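# A structural walkthrough
Each chain, letter by letter, is given below.
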Amino acid sequence: MTAHQSSPPPPHQPLPASLPKTRIGRRKRRASESSKRPSKPVEAPKPSPVTIASAMALALAALLTAACSASARDSESEDAAVEVSTEQAAHPLITADPELAAGDLTKEQSAIVLKLLDDICGDTWCEGEYNWHFPKIDCRFAKGKCTLGFRVTDRNPTPPKNYRRSCTVRDARAFTDLVQTAPNGYRSLDETFYDNVSRCVQRIEDDLKPK
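Here is a short report on the structure shown in this document. (Residues numbered from 1 in each chain as written. Predicted model: local features only at pLDDT ≥ 70, side-chain atom pairs only at ≥ 80, totals over all residues. Heavy atoms only, no water.)

### Thoughts on the environment of Asp119
Looking at where Asp119 falls in the secondary structure, it is placed in helix α4 (residues 107–121). For Asp119, a relative accessible area of 40% translates into the label partly exposed. A polar atom in the side chain of Asp119 sits 2.8 Å from the side chain of Lys115. (Helix = DSSP H or I, 4+ residues; strand = E, 2+ residues; numbered from the N terminus. Buried < 20%, exposed > 50% of the residue type's maximum accessible area, 1.4 Å probe, protein only. Polar contact = N/O pair within 3.5 Å; in protein donor to acceptor, adjacent residues only side chain to side chain.)

Following this line, the structure appears as structure tokens:
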């Protein structure tokens, strides 16, 4: 009996030097390469010119509103600082003896205030169409006010026409609120008092002008 002879095994086939690239491999490599690339910064959206203009308009409107409100408050405060009497009848301050004490002012203090008012009038209020006389002042410092008597002369008509008025000014609680004295002894009207008297003069003039 003849022994079965098996055929020799096929010779060993060497593996290829490189395997074919699969899709998965290509995706991994692409992902790796993209992760190494620097990312492009994301720019914030730029506001449009219309948006900027609208914001500027709103800001300007807010500023104007605040300014108008402040101006209105200042005007109301100035109006409250003086109170004018437009009565034509003789006021007690007009007919009173100027030698008498003026409320909380001494006779000397009263004379100083009236003299300073008369001196400054020639360079200010008396340069207009009206002439101003200050015969009397009465102060009540506990109430924070002084009342001035005025004799106003309109120089335009012939003969000139005279008026009697009075005006109460606020923020007067002491003689030093009316008159300031320098170290060398020079005296001048306090700025706030002068401003309030100027408001009195302006309001009286406005009332006297033909409507």
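### Describing unusual backbone geometry
Pro159 follows Thr158 through a cis peptide bond whose omega is 0°. Mapped onto the elements, Pro159 comes out in the loop between β3 (145–154) and β4 (161–170). Even without being a glycine, Asp171 presents a positive backbone phi close to 60°. One can find Asp171 in the loop between β4 and β5 (179–181). A residue is classified by how much of its surface remains accessible, and Asp171, at 41% relative accessible area, is partly exposed.

### Here's the deal with the nonpolar core
The biggest cluster of nonpolar side chains holds 35 residues, and the ones touching the most others in it are Leu117, Trp132, Ile137, Phe150, Leu178 and Phe193. Elements with a minimum of two residues in this core: α4, β2 (130–140), β3, β4 and α5 (191–208). (Core = buried A, V, L, I, M, F, W, Y, C linked by side-chain atoms within 4.5 Å.)

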